[in-house]
Amino acid sequence: MMGVKDGDVRLEKLQAGVEADWWKVREEEDREKEEERSGPLHQVEEAERNQMQAMEVFPKQWRDLWDQWDIRVTVLISLLLQVLLIMFASCRKRKASKSFALFIWSIYLLADWVAAFVLGLLCNSQGKSDSDYKDQMPGASKIGTNAATRSNNTQYDDKLLAFWAPFLLLHLGGPDTITAFAMEDNELWPRHLLGLLFELGAAIYVFLLSMPKNTLSVPTLLMFLAGTIKYVERTYALYRASLDGFRDSMLKEPDPGPNYAKLMEEFEYKNECGLPTKIVISEEPKDLVDEESKTEHDTKKNQPKVLADAQNLQEANKFFDKFKGLIVELIFSFHERDESRNAFLEKSSVDAFKVVEFELSFVYEVLFTKAVVVHKMCGYILRAICSCSIIAAFLIFFFLEKDRFSEVDISITYTLLGGAIILDAFAFIMLIFSDWTVVRLKNYRTISDFIVKLSPCGRWSEMVTQHSLIERCIPADLSYLTRIMDWPIWYQKLVEMLCIQKISRLTGIGTQFIDEIQYTCREKVTDGLKVCIYEQLKKKAESISDPKETRRVCSCRGNWALEERGYLNEFGPSVTVEFDESLLTWHIATDLCYYSSENDELPENAKRDREICKRLSDYLVYLLVMRPFMMSSSAVIGKIRYRDTCAEAMNFFNRRLPASKGNQNKGSETDQEKKEESNAVLMDACNILLSVNTKGAKPADVKGDRSKSVLFDACILAKKLKKELKVTKRWEVMSEVLVEMLAYAAIRCPGIAHAQRLSKGGELLTFVWFLMTHLGLGEQYLIEAGHARAKLISHK
């Protein structure tokens, strides 16, 4: 035993001597290197290296700082983007602002990009935290001190990074308030499915590299469960909102109808047996109205006004379940037509618009949010699992020993956990106070009415965008430019200074976008406008005695209103031409009559009709020019006709309109004074246009058919309106014609185009479309007879 101990002592002394010799060698090498550094050659190399560093775009200090904080900063940015999305995404259905849409679009894209980017950083950083220790010898503590310190400052602990990875899956799943920014995003659901598999694989890779000695494995797995559920919910919601998924979800079971073969076999058999038999056909009864809905409709009249919104919401949900197929152009039966028509004919314009508003809100949530998932029983269960997983992960991390983690990383982890809990709680509150909850609580009227009162005041923007051809073509006026839709006057000065508009015209890039910003404004949809639209649609619906007349009435675009008033012979030719030509002609004629001195003293009803005509006229031209996909039947030729008319109007006004009146720039004027000045310029322009002699020949005879301009055709129509009709009657007739044009445009617009605008504040055109359908004026009611009742009657 003593010999063994002596041998161990000698071995230790020998090792100590070897280490001492090794340190002497290292010290000599370090001394030689230090002498080389102080030499002239090294000074030259150092100067060159400093010069190269000075020429770098990003200095080494900046790059080192980014390497140290890149994951920390980006993971917090990802959390911030989720907070912004859940706070503001739901507001876009009631905001038509382009700047707000740009804000939501930017956050929507960045949220996915940043989360995927951080996952890539996490994958790249795994295994690097200990790399600086591997080549160090056991006794080289002095040599490795600086490297170890640098490693601790720039690298993260693999275990904590693996815990951050599932939070990014949670972020990629997104909030419940938005799954798609536009309808096209829903069609990309296979891409999101592939992204789910890829991002989930990346997160699992990060987690596996942190094993086996990972004390955070349990909370990490819990967050993996929550993140995966959220991502799967988003992918499934995108699929259900795609055109194929949306259409398939509404298709009923195949209906083969009565068994024709069996009936004919029985008919033949009875005749062969000597029993004279005949087939008697009777139609399906048309009075099969849903008794429950009829009872609800009858009792609704006696409900107090406090419950009106809650009742309208319940009715809207019922119609939504039946008519959401409008978006994908499904067909409907006469049962659905009669039930909806009977209900809406007894409504006021306010209630009718409110029901459609709730109904379109349901459509928006199905197409652009997770409503199709979270408002089902399965969705409730998944939400409970996610919430419990997040809270459990927080509690486990809270009671875990965290001495070996840095304070900064611990704080960031608590921020991620707290953010996940707060976002989940906020989503739960929004779930409770949603319209879907009110529908489920229909038997608890007081609670449902309370929830409706707490909900946002509106579910669409209640704005119509205006665009006037004459205002577009007159010389630039400061008072008009102050009414730019989203931008102050500095925007116009910036555009002129940078020659953006000229560059856009030369390159053909962004011309429509710039025109839309500069030459459009938004106006409120007034109650008077709603009454005018709804009363005329109701009058049309009541005039139809046979459902087969619906197609003929829906094809009218002004001639039905003129015929009802007895002016079809006088003004019929202006509404029987192509729709885009008719629309532009009546638009310019409306402006020529609007800016007239005879409108100074009008009765209240005439003033209301005059404003209605102006709103509808400018709105229809805005749709024709800026939203041509909503005017599919007139998109190309309408744009050509508009451009030709603008060119002729500009040439005319540049020659005839005094330039001094169009270019006054008085910064001290008030908004009211600027508006009055702008109206004065427009009145002068319209009077000069009306002063042109149009009696000698028609514009088409002089100009030929190459140019599609309708400028002076509109002058002829305006003169005829001013001559044939008194001012009060004139505005009444014109409002009815323009409402009919609006209805014609609404029924011809594709359903997908209506759906696209729901996420950008909504369009009045979509409301008119749904109102027409509910009043029985749609062209989707193709099931007119239903199943026939065939009976075999035998005679002995």
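This text gives an overview of the structure that appears in the document. Not measured: the values here are computed from a predicted model. Residue numbers run consecutively from 1 along every chain, following the written order of its sequence. Only residues with pLDDT of 70 or above have their local features reported here, since the model is predicted, and side-chain atom pairs are shown and tallied only from 80 upward, although totals for entire chains, interfaces and linings are computed over all residues. In computing side-chain properties, one takes all heavy atoms of the structure into account and sets aside hydrogens as well as water.

Before going further, it helps to examine the pattern of salt bridges. A pair is scored as a salt bridge if a Lys or Arg side-chain nitrogen falls within 4 Å of a carboxyl oxygen belonging to Asp or Glu. Scanning the model with the defined rule gives 31 salt bridges in all. Across the pair Asp 112 and Arg 234 runs a salt bridge whose closest N-O atoms are separated by 3.0 Å. Separated by 122 residues along the polypeptide, Asp 112 in helix α4 (residues 98–125) and Arg 234 in helix α9 (residues 217–241) bring together distant segments of the chain. Arg 234 shares its class with Asp 112; the two are buried. Between Arg 459 and Asp 435 there is a salt bridge, and its shortest N-O distance comes to 2.9 Å. Here the residue Arg 459 occupies a position in the loop between α20 (445–454) and β3 (463–466), and Asp 435 occupies one in helix α19 (residues 435–440), the gap between them amounting to 24 residues. Here the residues in one salt-bridge network are Asp 176, Lys 230, Lys 370, Arg 383 and Asp 424, joined through shared partners. Where helices and strands are cited, they refer to DSSP runs of H or I of at least four residues and of E of at least two residues respectively, numbered from the N terminus. Buried, partly exposed and exposed residues are distinguished by accessible area as a fraction of the type maximum, computed with a 1.4 Å probe on protein chains only: under 20%, between the cut-offs, and over 50%, respectively.

Before going further, it helps to spend a moment on α20. Given 3.6 residues per turn, any residue in an α-helix points the same way as the ones three and four places further on. The complete set of buried residues in α20 reads Ser 448, Asp 449, Ile 451 and Val 452. In a view along the axis of α20, the buried residues occupy a sector of 160°, so they form one face of it. Exposed residues on α20 whose side chains face more than 90 degrees from its buried face are Thr 446, Lys 453 and Leu 454. Arc definition: directions from the helix axis to the C-beta atoms.

Moving on, we get to the packing of helix α31 (residues 579–594) against helix α32 (residues 604–626). Convention adopted: a line fitted to C-alpha atoms gives each axis, helices being fitted over their contacting stretch, and angles between N-to-C directions are expressed from 0 to 180 degrees. Axis separation between α31 and α32 bottoms out at 9 Å; the angle between their running directions is 140°. On the basis of the axis angle, α31 is oblique to α32. For the pair α31 and α32, the sense of crossing is left-handed. Residues Asp 580, Leu 583, Leu 584, Trp 586, His 587, Thr 590, Asp 591 and Tyr 594 of α31 form the contact with α32, whose participating residues are Arg 610, Glu 611, Cys 613, Lys 614, Ser 617, Asp 618, Leu 620, Val 621 and Leu 624. Under this scheme an angle from 65 to 115 degrees is roughly perpendicular, one under 35 degrees roughly parallel, and one over 145 degrees roughly antiparallel; angles in between are oblique. In this scheme the crossing of two helices becomes right-handed for a clockwise turn of the near helix relative to the far one and left-handed for an anticlockwise turn of less than a right angle. When checking whether two residues touch, look at their non-hydrogen atoms; a contact exists if any pair is within 4.5 Å.

Here we come to a negative patch on the surface. Only residues whose relative accessible area exceeds 30% and that take part in no salt bridge are eligible for patches, with like-charged residues grouped when within 9 Å of each other and nonpolar side chains (Val, Leu, Ile, Met, Phe, Trp, Tyr) grouped when within 5 Å. Methods summary: accessible areas were calculated by the Shrake-Rupley approach with a probe of 1.4 Å, and residue burial reflects only the protein chains presented. Counted as positive: Lys and Arg. Counted as negative: Asp and Glu. His and the chain ends are not counted at all. Charged groups are reduced to one reference atom each: NZ for lysine, CZ for arginine, CG for aspartic acid, CD for glutamic acid. On the surface, a cluster of negative charge is contributed by Glu 265, Glu 266, Glu 268 and Glu 272. Here Glu 266 is to be found in helix α11 (residues 260–272).

Aromatic rings from Phe, Tyr and Trp, taking only the six-membered ring of Trp, are treated as a pair when their centres fall within 6.5 Å; an angle between ring planes under 30 degrees marks them as stacked, one over 60 as edge-to-face, and anything in between as tilted. All chains considered together, the criterion is met by 28 aromatic pairs. Considering the side-chain rings of Trp 189 and Tyr 239, the 5.0 Å spacing of their centres and the 70° angle between planes classify their relative orientation as edge-to-face. Placement of the pair is Trp 189 in helix α8 (residues 189–209) and Tyr 239 in helix α9, with a sequence separation of 50 residues. What makes Tyr 239 partly exposed here is its relative accessible area of 30%. Measuring from centroid to centroid gives 6.0 Å for Phe 652 and Phe 712, while their planes differ by 85°, and the two rings are edge-to-face. Taken together, the positions of Phe 652 in helix α33 (residues 635–656) and Phe 712 in helix α37 (residues 711–724) put the pair 60 residues apart, joining distant regions of the chain. Pair check on accessibility: Phe 652 and Phe 712 agree, each one buried. Joined through ring pairs, the aromatic side chains of Phe 163, Phe 167, Phe 394, Phe 397, Phe 398, Phe 399 and Tyr 414 make up one cluster. Note on geometry: a ring has a charge over it if NZ (lysine) or CZ (arginine) is within 6 Å of the ring centre and within 35 degrees of the ring normal. Over the ring of Trp 69 we find Arg 72; its NZ or CZ atom is 4.8 Å from the centre of that ring. Just above the ring of Tyr 744 sits the side chain of Arg 557; from NZ or CZ to the centre is 5.7 Å.

As a rule of thumb, nonpolar side chains are buried together in soluble globular proteins. Each nonpolar core is a collection of buried residues, namely Ala, Val, Leu, Ile, Met, Phe, Trp, Tyr and Cys, held together in the definition by side-chain atoms within 4.5 Å. Residues Phe 653 and Leu 764 are the most contacted members of the largest nonpolar core, which totals 136 residues. Considering every element that reaches this core, the biggest residue donor is helix α38 (residues 727–748), with 14 residues. Residues contacting Leu 764, with those up to four places away along its chain left out, are Phe 353, Trp 460, Val 464, Val 525, Leu 529, Ile 533, Leu 616, Tyr 619 and Leu 742. Leu 121, Leu 160, Phe 181 and Ile 412 belong to the second largest nonpolar core, which has 55 residues in total.

Looking at the secondary structure, you find Ser 543 in helix α26 (residues 527–543). Linking Ser 543 and Val 553, residues 10 residues apart in sequence, is a C-alpha distance of 9.4 Å. In this view, Ser 543 contacts Glu 549 and Trp 560; residues no more than four positions away in its chain are not counted.

Here Trp 769 shows up in helix α40 (residues 764–774). By relative accessible area, Trp 769 is classed as buried at 2%. Placed 443 residues apart in sequence, Trp 769 and Leu 326 show a C-alpha to C-alpha distance of 9.6 Å. If sequence neighbours within four positions are ignored, Trp 769 has contacts with Leu 326, Ile 327, Ala 746, Ile 747, Gly 751, His 754 and Gln 780.

Treat this as a map of the structure, not an account of what it does.
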